[in-house]
Amino acid sequence: MIIPKPGLLAATSGAFLLGPDSTLHADGEARAAADLLRTLLAPATGLPLAPAAGTAAGPGGVHLTLDAPEHDLGAEGYRLTVTPDAVRLDAARPAGLLHGVQTLRQLLPPQALSDRPVPGVPWQLPGVEITDRPRYAWRGMMVDVARHFQPLSFLLRTVDLLAFHKLNVLHLHLTDDQGWRMPIEAYPLLTEVGGTRARSMLGRAGSTDYDDRPHGGSYTVEELRELVRYAARLGVTVVPEIEMPGHARAALAAYPHLGNVPGRRLDVWTDWGVCENVLGVHDEVLEFCRTVLGEVLDVFPSPYIHVGGDECPTTEWEQSPDARRRAAELGLAAPKELHGWFLGRIGEYLLSQGRRPLCWAEDSSGTLPPEFTVMPWRDADHGLAAARRGHDVVMAPHRSTYLDYPQSDAPTEPLGQAGAIVDLRAVHDNEPAPAHWEPAATARVLGTQAQLWSEFVTTAEQADYLAFPRLCALADRAWNPSSDWTTDFLPALRDHGPRLTALGINRTTPR
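Predicted, not measured: the structure shown is a model, and the values here were computed from it.

Chemist: Go over the packing of helix H8 (residues 283–299) against helix H11 (residues 338–352) with me, naming the residues and quoting the values.
Modeler: Running from N to C, H8 and H11 cross one another at 40 degrees; their axes reach a closest spacing of 10 Å. Where H8 crosses over H11, the two elements pack in a sense that is right-handed. Contacts between H8 and H11 pair Val-285, Leu-286, Cys-289, Arg-290, Leu-293, Gly-294 and Leu-297 from the former with Trp-341, Phe-342, Arg-345, Ile-346, Tyr-349 and Leu-350 from the latter. A class-by-class count of the residues in the contact of H8 with H11 yields ten nonpolar, one polar and two charged.

Written out as structure tokens, the structure reads:
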């Protein structure tokens, strides 16, 4: 059994044995998926999977085609047939072939996932007929590299693991109060100053314990371009997030004039939680945001650009003569309404550049500009309210998608966010569009994603423990709504365990 559960799977007689003489045939746009399959299987199997001569794979061959009607399989579906004589993988679009490649990897013995040679294993695929397509177009994971920086190698491995589970979005949280990770040519101090904080809080928000060690790091533009290219090859889109107007303390430490108090100097924030220091609303700030986003657009071709938008205290605007003046000039009832106005200006800019603005939604107040796609995270009902107002929605309710929350109340569980236990069953029960939603609201749901905030995540080992197997549960339900917890997912997860081990994923409590 594989994860996520295929739409239709029927076991057939016999099996196909991949050997040194097995060929791999693909034409045109299908060649990229064939190259990927060859590359992924080579380290463990050593099989050349040489390109087939002629127009067909023939006996003993693997054949990848793009001949299927799109109305049958959609943009990401595929059809896979394994017989003793051949393997045939068909799709309507290249993305479907990429998902089929991952299914082939899961059907092979788990040793095929090793990154080093594994001799003596028969590389056998069971006879099967699969017709499969995803429920939702957006199936992803948010990774926070602002609180604790992780190197490019960590992100490339994350892409590998997302693609293996047919997740197609890496939402990259690049900036926050505690660090700025993307270089901006027009504002070099964002990483030179904003990329390093003096120390880090050791407990939850409000703690008085610190490690008293500087923490910092940033990517080069070329590293981010490499990430985008690598992800695209595996069918994963990288969606960047640049926080504004709140969660901007690192930017304010680098460029104080972007704030609300003239002459004030701030450091990069060393606490967790919500910082009261936010961007100002003067014209220079808007120009800063447009310039930064312009450079972001040049690196990330994603149709969606995330601008944060939540947890923005308005105290500084209420106390700022400039902000109060701007609110009055705009005819706003109070400075707090500048939040929606600010995001509206940013949304207009992104739309003018052919991109779609995306932000977090923390309530159901209806203050977000209508052109935004939103990610409700506090409560699933906020997603329904947003959909009814005409927003497209990516569901991210914290009680079923926040993987930085503890998995249990066991004393061995590492430190996590307070207030909830997000266990494996809670994640698998995540329903992006519950049955009581009306059809018009359900149609607005693009999909769902997991969140891995990194206040308490400093190593890849810790990230593995928090993500797996909970990410498997999210991937399963996001792809196939019919997957049953007892009869489908749990048996599949037992089969999946050796695969996770072969991929080097840590599933023991990190020290």
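Chemist: Could you give an account of the pattern of salt bridges, naming the residues involved and the relevant values?
Modeler: Taken as a whole and assessed by the stated rule, the structure comprises 26 salt bridges. For Arg-147, the salt bridge is made with Asp-176, and the minimal N-O distance between the two is 3.4 Å. Here Arg-147, found in the loop between strand E8 (138–144) and helix H4 (152–164), pairs with Asp-176, found in strand E10 (residues 175–176); they are 29 residues apart in sequence, far enough to count as distant. Each of the two residues, Arg-147 as well as Asp-176, counts as buried.

Chemist: Please provide a residue-by-residue account of the sheet that holds strand E6 (residues 86–91), values included.
Modeler: What links the strands of a sheet is backbone hydrogen bonding, and the strands pair in either a parallel or an antiparallel sense. An order of E1-E7-E5-E6-E4-E2-E3 is seen for the seven strands of this open sheet, with the pairing classed as mixed. Strands at the two margins of the open sheet, each flanked by one partner only, are strand E1 (8–18) and strand E3 (50–51). As judged from the four bridges shared by strand E2 (residues 23–26) and strand E4 (residues 61–65), these two strands associate in the parallel manner. By the bridge assignment, His-25 is partnered in E4 with His-63. Strand contacts of helix H1 (residues 31–45): E1, E2, E3, E4 and strand E7 (123–132), with the helix running at about 160 degrees to E2, the strand carrying the most contacts.

Chemist: Give me the lowdown on H8, citing residues and values where you can.
Modeler: For H8, with 17 residues, the first-to-last C-alpha span of 25 Å sits near the 24 Å given by 1.5 Å per residue. Buried within H8 are the following residues: Val-285, Leu-286, Phe-288, Cys-289, Val-292, Leu-293, Val-296, Leu-297 and Val-299. The buried residues of H8 occupy an angular sector of 170 degrees when projected down its axis, which confines them to one face. In this structure, H8 carries Asp-283 and Asp-298 as exposed residues pointing more than 90 degrees from its buried face.

Thresholds applied
Starting from 1, residues in each chain are numbered consecutively following that chain's sequence as written. Only residues with pLDDT of at least 70 get local features here, since the model is predicted, and only at 80 or more are side-chain atom pairs given and counted; chain-wide, interface and lining totals rely on the full set of residues. Side-chain numbers here rest on the full set of heavy atoms in the structure, without hydrogens or water. For helices, the fitted line uses only the C-alpha atoms of the stretch in contact; every axis is such a line through C-alpha atoms, and the angle between N-to-C directions lies from 0 to 180 degrees. A run of H or I in DSSP becomes a helix once it reaches four residues, and a run of E becomes a strand once it reaches two; helices and strands are each numbered from the N terminus. By convention the crossing between two helices is left-handed if the near helix lies anticlockwise of the far one by an angle smaller than a right angle, and right-handed if it lies clockwise. Whether two residues are in contact is decided by their heavy atoms, any of which lying within 4.5 Å being enough. Residue classes follow a fixed rule: Ala, Val, Leu, Ile, Met, Phe, Trp, Tyr, Cys and Pro count as nonpolar, while Asp, Glu, Lys and Arg count as charged, and any other residue, Gly among them, counts as polar. Take a side-chain nitrogen of Lys or Arg and a carboxyl oxygen of Asp or Glu: if they are within 4 Å of each other, that pair is a salt bridge. Per-residue accessibility, obtained with a 1.4 Å probe over protein chains only, is compared with the maximum for each type, and a residue is labelled buried under 20%, exposed over 50%, and partly exposed between these values. Any two strands with at least two DSSP bridges between them are considered paired. By this rule, a helix spans an expected 1.5 Å times one less than how many residues it contains. Directions drawn from the helix axis to the C-beta atoms are what define this arc.

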